[in-house]
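# Close look at the chain arrangement
Listed below are the residues making up each chain.
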Amino acid sequence: MNHSPEPFDLRRLTRRFNEKFGTQPENEPSVFHAPGRVNLIGEHTDYTGGLVFPCAIDRGNLLLIRRNDDNQFRFASTNFDLMAQLSQHEIEQTYGDSWINYPLGVIDQFRRRGITMSGLDCLYSGNVPNGAGLSSSAAIEVVTAYAINTLFDAGLTHMEIVKLAQAAENDFVGMKCGVMDQFAVTMGQANHAMMLNCETLDYRHVPLNLGENAIVLANTNQRRELNESAYNDRVAECGRALGYVQQRIDAPSLGAITEAQLETVKPIFADDHIAYQRARHVTGENARVQAAVNALENDDLQAFGELMQQSHASLRDDFEVSSKPLEALVSHALKHPGVLGARLTGAGFGGCTVNLMRRDMVDSFREDVGNAYREETGLTADFYVITPSNGVEEIRS
Ligand code: GLA
């Protein structure tokens, strides 16, 4: 069981940085950190202008970064072998389908805002599992954006960093994601989750008083395929659904529609049941976020857990983003006596489940669910007990 991740070893990382990019005693790298995130409820609602309820987690990405004057952009990571050295001209294009596109997308956004750079040396080191739906990519984007903003005195606010990092992913990487991940990674606060309205960007931090309970993530370790195209399909289907709704209702976004309003316009979906199903998920999920936050604030974790289950069912049946391994993890979790709620989290199609459960039963959960999961799927799950954590920050200037 991964209770808490190993702390980063800054001295060792600084040595690695110097080995890769050369020692400059008068120009030591600055250090920044951005966490990953888990979404507790409110899935596939952000790009419809709906409600989400994520928190930042105690795993993230560290960036050691230094300006240089040789017009070279160097990127390395302790997690991947690949290292790239790119000229001013080369950073304008995508770099295969590598993780380096995340920092490149961020640099591109700064350039669009008139902030040019003479060169950067960047070493990343992360302990968010990749491809697990815990926003390792948003952590890379946000830590890069925050670092550049600091090193070049660009003067962006936290909210501007959120939008810049999202735009990097939308425009450069090509994933039409909503704003949730970059928001959670930037704005996280220890021991709190955040209720965000993705249309207005109004938000509030809500204390996560879980009493004797814990948040446990279970990683399917399923290879995610078709992830990006299926995700962009969902975005398009929700756009289509909004088009139908707007034939009858003057609504700025799908997220602004209630379940009851959707029912009144149901006949216009007669020839497009898929779009209707997607809209039904979104309207139901928004109501569930509201109810879940109320439940949490009334210390009714039982109700919170039930809403997580309803969210999962809707993501499986109406939104169709679950997978066999996710179903196996959720169904075995729900058989465990310590579990109040379990659901897929993030985009789906693999990745992680989030479980609200009794802290003193975590070991038997890992044992029982891990074994049953292996038997059913042949895959080995990983488990992480997470602590809600702070957002992006400077560690060393
Ligand atoms: C991914 C996206 C987010 C959000 C979730 C689903 O994590 O990056 O913007 O849409 O999927 O809730």
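Residues numbered from 1 in each chain as written. Predicted model: local features only at pLDDT ≥ 70, side-chain atom pairs only at ≥ 80, totals over all residues. Heavy atoms only, no water.

Right, let's talk about helix α8 (residues 273-297) for a bit. Here α8 contains 25 residues, and its C-alpha end-to-end distance of 36 Å stays within 8% of the 36 Å for a straight helix at 1.5 Å per residue. In the segment just after α8, Asp-299 is the residue with positive phi, at about 55°. (Helix = DSSP H or I, 4+ residues; strand = E, 2+ residues; numbered from the N terminus. Expected span 1.5 Å × (residues − 1).)

To continue, consider the domain arrangement of the protein. Entries for the protein in the domain assignment read domain 1 (2-35 + 57-201) and domain 2 (213-386). Here the C-alpha centre of domain 2 lies 28 Å away from the C-alpha centre of domain 1. Counting from both sides, the interface comprises 18 residues of domain 1 and, opposite them, 21 residues of domain 2. Both faces considered, domain 1 and domain 2 share a buried interface measuring about 1,600 Å² in area, 58% of it formed by carbon and sulfur atoms. The tally of links between domain 1 and domain 2 comes to zero salt bridges. The leading source of residues in the side of domain 1 that touches domain 2 is strand β2 (residues 51-67), at three residues. Residues that form the side of domain 1 that touches domain 2 fall into these classes: eight nonpolar, six polar and four charged. (Domains from an automatic or database assignment. Contact = heavy atoms within 4.5 Å. Buried area = accessible area lost by both parts, 1.4 Å probe. Salt bridge = Lys/Arg side-chain N within 4 Å of Asp/Glu carboxyl O. Nonpolar A, V, L, I, M, F, W, Y, C, P; charged D, E, K, R; others polar.)

Our next topic: the sheet that holds strand β9 (residues 339-345). Here four strands make up an open sheet; going across it, the order is β9-β10-β8-β11 and the pairing antiparallel. Unpaired on one side and paired on the other, β9 and β11 (382-386) mark the two borders of the sheet. Sheet twist, expressed as the mean angle between neighbouring strand axes with direction ignored, is 25°. Inspection of the sheet shows strand β8 (residues 213-219) paired to strand β10 (residues 352-358) by seven bridges, in the antiparallel sense. By the bridge assignment, Asn-213 is partnered in β10 with Arg-358. (Pairing = 2+ DSSP bridges. Axes fitted to C-alpha atoms, helices over the stretch in contact; angles between N-to-C directions.)

Now for the side chain of Arg-37. Position of Arg-37 among the secondary structure elements: in strand β1 (residues 30-41). Residue classification places Arg-37 among the buried residues on the basis of a relative accessible area of 3%. For Arg-37, the side chain forms a polar contact with the side chain of Asp-181, separated by 2.8 Å. Look past the residues within four positions of Arg-37 in its chain and what remains in contact with it is Pro-54, Cys-55, Ala-56, Ile-57, Gly-133, Leu-134, Ser-135, Met-180, Asp-181, Ala-184, Val-185 and Gly-346. (Buried < 20%, exposed > 50% of the residue type's maximum accessible area, 1.4 Å probe, protein only. Polar contact = N/O pair within 3.5 Å; in protein donor to acceptor, adjacent residues only side chain to side chain.)

Here β8 lies mainly inside the structure; seven of its seven residues are buried. The sheet contact formed by β8 and β11 spans five bridges and is antiparallel. When the sheet's bridge partners are listed, Leu-217 is paired in β11 with Tyr-384.

Along any regular strand the residues' side chains alternate between the sheet's two faces. By the bridge criterion, five bridges tie strand β6 (residues 192-197) to strand β7 (residues 203-207) in an arrangement that is antiparallel. Looking at β7, one finds that His-192 is bridged to Pro-207. Hairpin connection, β6 to β7: the antiparallel pair is bridged by five residues, and Leu-201 has positive phi, about 65°.

Let us look at the nonpolar core. In terms of nonpolar packing, the biggest core is built from 40 residues, with Phe-75, Phe-110 and Leu-120 touching the most fellow members. Elements that contribute at least two residues to this core include exactly β1, β2, β3 (72-77), β4 (84-87), α2 (101-112), β5 (120-126), α3 (136-151) and α4 (158-173). Sorting elements by how many residues they give to this core places α3 first, with ten residues. Residues Leu-51, Val-289, Leu-301 and Leu-340 belong to the second largest nonpolar core, which totals 31 residues. (Core = buried A, V, L, I, M, F, W, Y, C linked by side-chain atoms within 4.5 Å.)

Here we come to the pattern of salt bridges. Inspection of the entire model under this criterion finds 18 salt bridges. Taking the shortest distance from any N to any O, the salt bridge between Arg-112 and Asp-108 comes out at 3.2 Å. Residue Arg-112 and its partner Asp-108 are located together in helix α2, separated by four residues, close to a single helical turn. Residue classification places Arg-112 among the exposed positions, given a relative accessible area of 54%. By relative accessible area, Asp-108 is classed as buried at 17%. Among the salt bridges present, the one from Arg-204 reaches Glu-297, with a minimum N-O distance of 2.9 Å. You can see Arg-204 sitting in strand β7 and its partner Glu-297 sitting in helix α8, a full 93 residues away along the chain. In this structure, a network of salt bridges that share partners links the residues Arg-66, Asp-70, Arg-74 and Asp-121.

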